[in-house]
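These are the residues of each chain, in order.
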Amino acid sequence: MEVTDIMTTLRQRRGGRPAEAAEEQPSEEKNVKPDGKIQSDHTGGKLWNILSLTVGGIVAVCLGLLTSVYVATLHENDLWFSNIKEVEREISFRTECGLYYSYYKQMVQAASIQQGLHGLVYDNKTESVRTINILERMNVYQEVFLSILYRILPIQQYLEPVYFYIYTLFGLQAVYVIALYVTSWLLSGTWLSGLLAAFWYITNRIDTTRVEFTIPLRENWALPFFAVQIAAITYLLRTHLQPAHERLTLLAVFIATLLFSLTWQFNQFMMLIQALVLFILDCFDMLPTAKVTWLYIIQVSGLLLVCVLQFFNSMILGSLLISFNASVLIARTIQKNLKKGGLLNRLGKLFLHVLFVSCLTLLVNKLIKKILNLESDEHIFKFLKAKFGFGATRDFDANLYLCEEAFGLLPLNTFSRLSDTLLFYVYIFVLFPMTVAAAIVAFRNLSGSTKVGKFVEKMEDWTIALKPGAAYNLIHTVLFGCLALSTMRMKYLWTSHMCVFASFGLCSTEVWGLILKCVRLYTSQRTCVIRYSLPIITLLYISYKFWPGIMDELSELREFYDPDTVELMNWIKSNTPNTAVFAGSMQLLAGVKLCTGRILTNHPHYEDKNLRERTKQIYQIYAKRSPEDVYKILRSFGTDYVILEDSICYERRHSRGCRLRDLLDIANGHIMDGLGENEPDLKPSLYPRFCEEIKKNLPSYTVHFTRVFQNKTFHVYKLAKHK
């Protein structure tokens, strides 16, 4: 028997009505007139609900639009985007952002939509001496769709392509905030909760989004759809949904899942965590099994449809998510009596179920990868293995991730910033009782007892506080919190949901009722006063403390300034042929492609084994290698020009052992530069560092490389074409 059934049974025995019926419903109390007639308040309650929905909806839309305007203004003020040259605008799209935007630009500038699509499907400019399918390798359907939309709409005379692009991304922030607002509203039953969630999202902007300075990043496209999906799942898990509403909600979940999967290459890992959330809750009977099954199917079908759209991208077929969901559904079919028996019996079955699903997942995944010969995501698992202490590694790709701050642990100062807005304090305050409630409900469901005893009656209040939607969001925030704590780059998935969860708890009748009953101060009037007064006080505090800072931010004007990179891009456009092939760092080459349209040897989209091996070879320009070796490597990729950066050659940003030149030395078996320890088997190189020695213009270097451009940051060398 599921928790909702037990709860309803207990309610009926004690003469009460189910708690779910109280949610978002008008009062059902009846007034008895002196003449004995009963007058219902149903009409008045219905009008109040309509008014509340209208006002709450208007507030949600207004907050979403204000957030869009806010981040757009910050972006403009930071770069003076409207006043700088086109090349400066494009350079502002740093690293992989520039690569993704370049495909939008390519589609807009193509002679026709058909030619633009052909150029993406048969691309020979992104990786020299190779023709690749961009639509298969990268998640750029959003750029394709946006470029087609720009071409067919009559807006070319009024709006530049770059503004159409960035305004779309800023507009998606409105969708994001509205989705967070609605999720909190659904959980708490009051739109005041959504208002607080939106306020927290905005005032904690540093930790909830980075859209204003990394606009084309895949997560900025994907996270709004992920938030919509969570809102739809929260609504789906409500009890007593009408069949038509349930079908529409499942469709909304599917569309949001599809769009999320289509716009971000890391979708499979995020949805795997989501699948684990569903698996945990299903194991403890906290969610309806039929709805969980539908969500598993939607995840897999959405991902498989994306696989088809990406020309059967093998990395998707080999994802752990597909293997896990298939394994869960198979295990369910085999272990039919999983949810029957006493506590010890259930625990034993549960242990075997988890073990069976885990082993089957690994087996299925291994089998798929073996059949399809997949190695696209092996660098991620090498990184995870090294990160969590399962052995040190000299693997260049794994160390490249390990040494980046974004892939390190979440810094402690994050919590101090979140505490300044009271968000973190409220989050912990809500998380504790909800976790206790989840533990009690799990124990109760596993024990399988429906007897009404004193202990069971006391636990009923904990059960009521944990409705299916709240249970889902609880485990969701816990698992994504663990992800954020282990990998800083993923904090944006957690902090935005933290706003939802904290605001829900502060405005929840069930949570406050539970807390007040624990301290024996419960009355319905006191609960009502607290659930409205505390959020209002919190909103007033946030407004008072952070409004001046927001106004200062909006009035602070800066300007884009990177003259060395601008000079380099202008030189490349003016002094090299359109077919020239450039080698250099991944980050810089993305900008070269966007600003100049020249052919690249490598780029920052790292989800391909051949590209990772190619990048490691290209990066030998920063290692201790002979000029002959470097020349042969570069020419093997058709390189005409190589760009050396002083910021990499003489890097000081990372400590010893994490500088790019150190990673290359370790991978090559060479002793690192500078004072400090080296592993015993590392040996001195026979050659000096290439990027330093080439600047001395020695004959052994000039015979292969001729310097054709230099400024304070960059040095460009043309490769000789020996017969």
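Up top is the structure these notes are about.
Structural notes, computed from the coordinates. Bear in mind the structure is a predicted one, so any value in this text is a computation, not a measurement.

1. Quick look at the overall build of the chain
Helix and strand content of the chain: 34 helices and 7 strands. Taken over C-alpha atoms, the radius of gyration comes to 29 Å for the chain, in line with the 27 Å a tight globule of 723 residues would show. Based on the C-alpha atoms only, the size of the chain along its principal axes is roughly 110 × 60 × 55 Å. Of the contacts made within the chain by residues no fewer than 6 positions apart, 71% connect residues no fewer than 24 positions apart. Looking at the chain as shown, the accessible area adds up to about 32400 Å², and 63% of this sits on carbon and sulfur atoms. Where the 74 positive side-chain charges of the chain centre and where its 62 negative ones centre are 5 Å apart.

2. Concerning the pairing of strand E5 (residues 641-645)
Burial analysis of E5 places 5 of its 5 residues in the buried class, which makes it a mostly covered element. Pairing between strand E3 (residues 581-583) and E5: 2 bridges, direction parallel. Paired with phenylalanine 582 across the bridge in E5 is tyrosine 641. Alignment of E5 against strand E7 (residues 714-719), held across 5 bridges, turns out to be antiparallel. Across the sheet, the residue bridging to isoleucine 643 is valine 716, located in E7.

3. Digging into the pattern of salt bridges
Counted according to the given criterion, the structure contains 30 salt bridges. When the shortest N-O distance is used, the salt bridge between arginine 210 and glutamate 219 registers 3.0 Å. The two residues arginine 210 and glutamate 219 agree in class, both being buried. Here arginine 635 and aspartate 640 are joined by a salt bridge, their closest N and O atoms 3.6 Å apart. Using a relative accessible area of 28% as the deciding quantity, one classes arginine 635 as partly exposed. Three or more residues joined by partner-sharing salt bridges are found here, namely Lys624, Arg661, Asp665, Asp673 and Arg689.

4. Topic: helix H20 (residues 413-420)
Given 3.6 residues to a turn, an α-helix orients residues that are three or four positions apart in the same direction. Of the residues making up H20, those classed as buried are Thr414, Phe415, Leu418 and Ser419. Along the long axis of H20, the arc covered by the buried residues comes to 135°, so they all point the same way. Residues of H20 that are buried make contact with helix H10 (205-208), helix H21 (423-447), helix H23 (468-486) and helix H24 (491-506). Phi for leucine 422, located one or two positions after H20, is positive at around 75°.

5. Notes on the state of the cysteines
Tallying each qualifying case throughout the model produces 2 disulfides. Here cysteine 403 engages in a disulfide with cysteine 658; their sulfurs sit 2.1 Å apart. Handedness here is read from the sign of the S-S torsion; for cysteine 403 and cysteine 658, about -75°, the answer is left-handed. Of this pair, cysteine 403 sits in the loop between helix H19 (396-402) and H20 while cysteine 658 sits in the loop between helix H31 (646-649) and helix H32 (660-668), and the two are 255 residues apart along the sequence. One disulfide in the model links cysteine 649 with cysteine 691; its S-S distance is 2.0 Å.

6. Structural notes on empty space enclosed by the protein
Once rolled over the atoms, a probe with the size of a water molecule shows which space is left empty. Taken as a whole and judged by the stated rule, the model has 5 cavities of 30 Å³ or more. Put simply, the largest cavity is a space of about 100 Å³. Lining the largest cavity are 14 residues, with Leu180, Ala227, Ile230, Ser496 and His497 sitting closest to its centre. In terms of residue count, the dominant contributor to the lining of the largest cavity is H24 (5 residues). Split into classes, the residues belonging to the lining of the largest cavity amount to 10 nonpolar, 4 polar and no charged.

7. Here's the deal with the side chain of histidine 75
Tracing the backbone shows histidine 75 in helix H2 (residues 42-79). Residue histidine 75 is classed as buried on the basis of its relative accessible area of 5%. Residue contacts for histidine 75: discarding those within four places in its chain leaves Phe81, Ile166, Phe170, Glu212 and Ile215.

8. Thoughts on a nonpolar patch on the surface
On the surface, Leu248, Leu251, Ile255 and Leu259 cluster together into a nonpolar patch covering about 350 Å² of accessible area. Relative to the helices and strands, leucine 259 resides in helix H12 (residues 243-263). Exposure remark for leucine 259: the relative accessible area of 31% places this residue in the partly exposed category.

9. Digging into the pairing of E7
Consecutive residues of a regular strand have side chains that alternate between opposite faces of the sheet. For E7, the tally of buried residues reaches 5 of 6 residues, placing the bulk of the element in the interior. Between strand E6 (residues 705-710) and E7, which pair antiparallel in sequence order, lie 3 residues.

10. Describing the environment of valine 140
Checked against the element boundaries, valine 140 lands in the loop between helix H6 (134-137) and helix H7 (141-152). We classify valine 140 as buried; its relative accessible area is 1%. As for valine 140 and tyrosine 104, which are separated by 36 residues in sequence, their C-alpha atoms are 8.4 Å apart. In contact with valine 140, not counting residues within four places along its chain, are Tyr100, Tyr103, Ile134, Leu135 and Arg218.

11. Re the packing of aromatic side chains
Within this structure, the stated rule accounts for 33 aromatic pairs. Measuring from centroid to centroid gives 6.3 Å for tyrosine 401 and tyrosine 606, while their planes differ by 65°, and the two rings are edge-to-face. Taken together, the positions of tyrosine 401 in helix H19 and tyrosine 606 in the loop between strand E4 (599-600) and helix H29 (609-618) put the pair 205 residues apart, joining distant regions of the chain. In this structure tyrosine 401 comes out as buried when scored by relative accessible area, which is 15%. Look at phenylalanine 415 and phenylalanine 424: their rings are 5.0 Å apart centre to centre, the planes differ by 50°, and that puts the pair in the tilted class.

12. Some words on unusual backbone geometry
Phi at phenylalanine 311 takes a positive value of approximately 55°, unusual for a residue other than glycine. By the element assignment, phenylalanine 311 lies in the loop between helix H14 (289-309) and helix H15 (314-317). In this model, phenylalanine 312 sits at a positive phi of 60°, which is unusual for a non-glycine residue. Checked against the element boundaries, phenylalanine 312 lands in the loop between H14 and H15. Residue classification places phenylalanine 312 among the exposed positions, given a relative accessible area of 56%.

About the thresholds
- Residues numbered from 1 in each chain as written.
- Predicted model: local features only at pLDDT ≥ 70, side-chain atom pairs only at ≥ 80, totals over all residues.
- Heavy atoms only, no water.
- Helix = DSSP H or I, 4+ residues; strand = E, 2+ residues; numbered from the N terminus.
- Rg over C-alpha atoms; globule rule 2.2 N^0.38 Å.
- Contact = heavy atoms within 4.5 Å.
- Areas by Shrake-Rupley, 256 points an atom, 1.4 Å probe, with all protein chains shown as cover.
- Lys, Arg positive; Asp, Glu negative; His and termini not counted.
- Charge placed at Lys NZ, Arg CZ, Asp CG, Glu CD.
- Buried < 20%, exposed > 50% of the residue type's maximum accessible area, 1.4 Å probe, protein only.
- Pairing = 2+ DSSP bridges.
- Salt bridge = Lys/Arg side-chain N within 4 Å of Asp/Glu carboxyl O.
- Arc of directions from axis to C-beta.
- Disulfide = S-S within 2.5 Å.
- 1 Å grid on protein atoms, 1.4 Å probe; cavity = no way out; pocket = protein on both sides within 12 Å on 5 of 7 lines; lining within 4 Å.
- Points joined across faces, edges and corners; volume = space filled by probe spheres on them.
- Nonpolar A, V, L, I, M, F, W, Y, C, P; charged D, E, K, R; others polar.
- Patch = residues over 30% accessible without salt bridge, like charges linked within 9 Å, V, L, I, M, F, W, Y side chains within 5 Å.
- Phe/Tyr/Trp six-rings, centres within 6.5 Å; stacked < 30°, edge-to-face > 60°.

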